[in-house]
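Listed below, chain by chain, are the residues.
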Amino acid sequence: QVQLVESGGGLVQAGGSLRLSCAASGRTFSSYRMGWFRQAPGKEREFVAAISKSGGTTVYADSVKGRFTISRDNAKNTVYLQMNSLKPEDTAVYYCAATEVVATTPRRYDYWGQGTQVTVSS
């Protein structure tokens with residue numbers, strides 16, 4: 001079992017930045033690949049970014065590439081999502097998730113946090 005708790009969401013103007021954090025507890029954090037997903041009202045949950053167990057490999061959705069950066073600190077059992085140049089269309093609840101496989105689809109992730117709201121005003 002892995003417990004995940006997100007933090008760092010909030011209200012920001014377009015063009016601004018936020019950094020989300022996801023603290024993990026339970027089984028060894030470094031055993032899991034980590035991902036960030038988001039879900040806007042009335043839309044399906046969508047992939048944002050993922051990072052390998054060591055942090056050496058990252059992958060991003062096209063919509064955030066060049067603006068968002070995923071990273072992890074295995075010593076602190078934490079994964080981060082640095083979000084720059086935010087746009088109103090980035091408004092959503094952001095979730096972190098853990099998986100033991102290489103995946104970008106939500107159904108392949110086994111553990112989820114409760115989510116943190118990000119609102120970008122125009």
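What you are looking at is a predicted structure, and each value in this text was computed from that prediction instead of being measured. (Residues numbered from 1 in each chain as written. Predicted model: local features only at pLDDT ≥ 70, side-chain atom pairs only at ≥ 80, totals over all residues. Heavy atoms only, no water.)

A. Summary view of the state of the cysteines. Following the criterion strictly, the structure yields 1 disulfide and no others. Two residues share a disulfide in this structure: C22 and C96, whose sulfurs sit 1.9 Å from each other. The sign of the S-S torsion, about 45 degrees, decides the handedness of the disulfide formed by C22 and C96: right-handed. In this pair, C22 is assigned in strand β3 (residues 18-26) and C96 in strand β9 (residues 92-99), connecting sequence segments 74 residues apart. Taking relative accessible area as the criterion, C22 reaches 0% and is therefore assigned buried. (Disulfide = S-S within 2.5 Å. Helix = DSSP H or I, 4+ residues; strand = E, 2+ residues; numbered from the N terminus. Buried < 20%, exposed > 50% of the residue type's maximum accessible area, 1.4 Å probe, protein only.)

B. Structural context of the environment of A103. As for its position among the elements, A103 is in the loop between β9 and β10 (111-112). Looking at A103, the relative accessible area reads 10%, which means it is buried. Considered as a pair, A103 and V5 are 98 residues apart in the sequence and their alpha carbons are 20 Å apart. Among all residues touching A103, those that are not within four sequence positions of it are A50, R108 and Y109. (Contact = heavy atoms within 4.5 Å.)

C. Representation of the nonpolar core. One finds L4, M34, W36, L81, M83 and Y94 to be the most contacted residues of the largest nonpolar core, which totals 36 residues. Leaving out residues up to four positions away in the same chain, L4 has contacts with C22, A23, A24, M34, C96, A97, A98, Y111, W112, G113 and Q114. (Core = buried A, V, L, I, M, F, W, Y, C linked by side-chain atoms within 4.5 Å.)

D. Representation of the pairing of strand β7 (residues 68-73) in the model. Going residue by residue along β7, you find F68, I70 and R72 tucked away on one face and T69, S71 and D73 left uncovered on the opposite face. In sequence, β7 turns back onto strand β8 (residues 78-83) through a hairpin of 4 residues, with N77 there showing a positive phi of about 55 degrees. (Pairing = 2+ DSSP bridges.)

E. Seen up close, unusual backbone geometry. The phi dihedral of N77 falls on the positive side, at around 55 degrees, and the residue is not glycine. Its location among the elements puts N77 in the loop between β7 and β8. Judged by its relative accessible area of 29%, N77 is partly exposed.

F. Up close: the layout of surface pockets. The computed volume of the largest pocket comes to approximately 150 Å³. As for the largest pocket, its lining consists of 13 residues, and the residues nearest its centre are R38, A40, K43, E46 and E89. Tallied by class, the residues present in the lining of the largest pocket amount to 2 nonpolar, 3 polar and 8 charged. (1 Å grid on protein atoms, 1.4 Å probe; cavity = no way out; pocket = protein on both sides within 12 Å on 5 of 7 lines; lining within 4 Å. Points joined across faces, edges and corners; volume = space filled by probe spheres on them. Nonpolar A, V, L, I, M, F, W, Y, C, P; charged D, E, K, R; others polar.)

Just distances and angles here, no functional claims.
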